[in-house]
Every structure is written in structure tokens, then in C-alpha cells.
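As a plain string of letters, each chain reads:
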Amino acid sequence: MASLKRDKGLDNTLKVMKQGYLYTTNQRNRLNTTVFETRALGGKPFVAVTGKEGAEMFYNNDIVQREGMLPKRIVNTLFGKGAIHTIDGKKHIDRKALFMSLMTEGNLNYVRELTRTLWRANTQRMESMDEVNIYRESIVLLTKVGTRWAGVQAPPEDIEKIATDMDIMIDSFKGLGGVFKGYKESKAARRRVEDWLEEQILETRKGNIHPPEGTALYEFAHWEDYLGNPMDSRNCAIDLMNTFRPLIAINRFVAFGLLAMHDNPITREKIKSEPDYAYKFSQEVRRFYPFVPFLPGKAKVDIDFQGVTIPAGHGLAIDVYGSMHDETLWENPNEFRPERFEDWDGSPFDLIPQGGGDYWTNHRCAGEWITVIIMEETMKYFAEKVTYDVPEQDLTVDLNSIPGYVKSGFIIKNVQEVVDRK
């Protein structure tokens, strides 16, 4: 077996942060290898892998674990202590089944209806605004969608505050494992949302509030694990949040989607005229633009991979962004081309913006279907139901910044509802 090539340095965390989504690609090109070792998050060894073969290895539960590998600061702000993202084995599979039980045909249809209805209802508000920052506008609207879908009580006057707290938590990914400005603010935002949701869990259990059966609040409040125990109320609040927080993070994809439509005007006409094009467009947005840069794991055993041995105990990092721009997987990967999804086989190991592998036994996001549905309906709304102008602004997407954004948030003006008056 060949020896692992290394990106030398006692701790490359700052280098990772500086190069962002391109760090692993840059090192693979520089070292002329598909797999290499680096040190980060306090000098811990990590082996970076990419592509379909890398994802297949990374999501093999027999040889790779993810429990305990997420940076503490991200657990404390983004996912929450004891969240489903932080556990493995039977406990993870048991709780993942709870998440998956929400993905019924009725619940998926409802989130589609909610998204469609709330965007239409928001038209008059946007028409009255001098300019609309899509990043900000969509996080508020998606907070309405997510809380309503989950069955939690979110008074209208609190929606913007909840949306702001959610955005602060999601943005905390920029801190990776190190100190970053805003950490205390992120923890405080999480604490406020956890307190609010834990109160609803407790009130549901007492019978003082009555969420509909089948909603996330109802199912989580009444769930028992494989030993017959209810979930601790705080832990229950944390994972209840994890049923709809990812919906709110879709605001990044919404801004990217409008940018893609702006840069590729023909796609707007195709969304309007081709029945399945909004689906293909949404999947291409998820593939093309930066969302999650990489995800961590740890080798349970010595792993022979692509001619090298990854020692047991070594950290692993699957290069999410690099895998979705891998020339061996995607033809002309740096071109935005929704048509590539016409004949896509649905592999769980190539399109991995929200994790890979099996939904039931792995850490792939249970709400991925909801992400696609919300994106489809949102893109159809902006293509079909309104017109708007795009003023001069900074529309760059900095791949050296984690998490990725449209710099301006994507601003539109002169929003008008499309009405057929003939």
C-alpha cells in the first residue's frame, strides 16, 4: 500500500477557513492525489476523501462512525447537545425512524401547499417594499412554513425574532472548531429557541395544548424509544427543532436559485413551460452552489481505500462540495445545467448536499425531500407568479467563505403579481 500524502502543518484549521469550499480540491490538485491527510480542529488527523467511492466508504456504518466527531462549537450552536446528528448505532436508527415517520405523503403534500400559499400571500407585502432582500425575506417566510408544518405554536409577532435566531444558529457553521465572533450570540439564540420548544413539549404532554396527530410536535412529545422511555424534554426540544430548522436554512438555496435564474434566463421560461423542469432546476441548485463544505467521521478500523491505508482512529472528512463538482461524476461540473437530472439514477452517493447514504440508517437529512419540494414551489412562484427587477448589486458567491452566500443576499425591486386579465 502507498503512504498517505499530507498537507503539512501542525494545524491547518485557519488554512481550511481561508480556502473554504475549495480547500480539499486545492490540496488534491497540489498533491496530485484523490485522498490526503491533514490536521485540523486542534491538530487532529483527518483523511479527506471525495467522490462517489469516497461517499460509499464514508457512509459505511461498519467501518466509519460519526458520533463525537462534530466540532463542539457547532454542536452547541447549530445541532444541539444530544441531537440525532451526534449519535450512532441502534440509538440513532431508532430516533431516525421517528424523523422518517413524518415523511408521509400527506405531510409532504402539506409542505408543498404551505409553501405555495404563503409565497402567494406574501406578494402584496413585497410589492409595497422599496427592495426585497431574498435571503432575509425567505428566511422569515420559511420560518412560517416550518413552524406551521411542525405543528408548533409561533405567534405572528414572534416570527421575525424566531427567524433571526434560526439564522444566527445556521450561520454558526463558519466557526468550525475554533473561536469565532458571535459564538455567545449563537448559543443564546439556541437557548431561546430550545426554551420555547421545550415549553410546548411539556404543555403537549400535560394535555394543555393539542397539536394535530402526525405533526412533529405531537409525534415527538409522545414518542418512546426502543426501551419504552420517552425522550428527555430538552433533548426532545432539540430534535423537534431539527425537524424544521433545515427547512429554514433553505433560504440560502432560494437566494442561489434566483441567482441561477438571473444568470441563466432561459431557465425561467423552462420552469414556466416544462412540467418537471422546476425539479431538475432545484436539484442543480443544490449540486452547483456551496452549502455544506465537508462532514466529519472517524475510522473504526484500518481502512484500505484507493491504494492507501487509513488507520483506525483517524478522522475522516467527506468533501461534499468537491464531490458535487467531481468531473468523474458530473459532466462539465462547473456549468449550471439542470438537464443533467433528466436521466439521473438517484444515487445516494453523488448528490450529497445534505449528506449521503440511506435515509433510515445513515445521517442523510430526513428532510431532503422537503427541501426539494420547497425549492420547486418557490422557484415556480418567482418564475410564474411575479415579475421583478434585479438592480446593480454584488452577486458574487465567495467559495473561500463558509457558509456560502450570495454577497448581497440577492435583492429585487418593483415586484408585481402576474395577472392574466384577458
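Everything that follows concerns the structure shown earlier in this document.
Residues numbered from 1 in each chain as written. Predicted model: local features only at pLDDT ≥ 70, side-chain atom pairs only at ≥ 80, totals over all residues. Heavy atoms only, no water.

Caption draft 1: The arrangement of the packing of helix α10 (residues 183-206) against helix α12 (residues 233-248) in detail. Interaxial distance between α10 and α12 falls to 8 Å at its minimum, and their mutual angle equals 110 degrees. Here α10 lies roughly perpendicular to α12, going by the angle between them. Counting all contacts with α10, which are made through Arg-190, Arg-191, Val-193, Glu-194, Asp-195, Trp-196, Leu-197, Glu-198, Ile-201, Leu-202 and Arg-205, the residues of α12 involved are Ser-233, Arg-234, Cys-236, Ala-237, Ile-238, Leu-240, Met-241 and Phe-244. Split into classes, the residues belonging to the contact of α10 with α12 amount to 11 nonpolar, 1 polar and 7 charged. (Axes fitted to C-alpha atoms, helices over the stretch in contact; angles between N-to-C directions. Helix = DSSP H or I, 4+ residues; strand = E, 2+ residues; numbered from the N terminus. Parallel < 35°, antiparallel > 145°, perpendicular 65-115°, else oblique. Contact = heavy atoms within 4.5 Å. Nonpolar A, V, L, I, M, F, W, Y, C, P; charged D, E, K, R; others polar.)

Caption draft 2: Region of interest: the environment of Asp-263. By the element assignment, Asp-263 lies in helix α13 (residues 251-263). Its relative accessible area of 47% is what places Asp-263 among the partly exposed residues. Residues Asp-263 and Phe-336, 73 residues apart in the sequence, show an inter-C-alpha distance of 9.5 Å. (Buried < 20%, exposed > 50% of the residue type's maximum accessible area, 1.4 Å probe, protein only.)

Caption draft 3: Here's a closer look at the packing of aromatic side chains. Overall, the coordinates contain 17 aromatic pairs when judged by the stated rule. Arranged with centres 4.9 Å apart and planes meeting at 85 degrees, the rings of Tyr-381 and Phe-382 form a pair that is edge-to-face. Comparing Tyr-381 with Phe-382 shows no difference in burial state: the two are buried. Taken together, the ring pairs connect Phe-256, Phe-281, Phe-288, Tyr-289 and Phe-336 into an aromatic cluster. The cationic tip of Arg-66 hangs over the ring face of Phe-58; the distance from NZ or CZ to the ring centre is 5.5 Å. The ring of Trp-330 has Arg-287 sitting right over it, with the charged end atom 5.6 Å from the ring centre. (Phe/Tyr/Trp six-rings, centres within 6.5 Å; stacked < 30°, edge-to-face > 60°. Lys NZ or Arg CZ within 6 Å of the ring centre and 35° of its normal.)

Coordinates in, geometry out; function isn't part of it.
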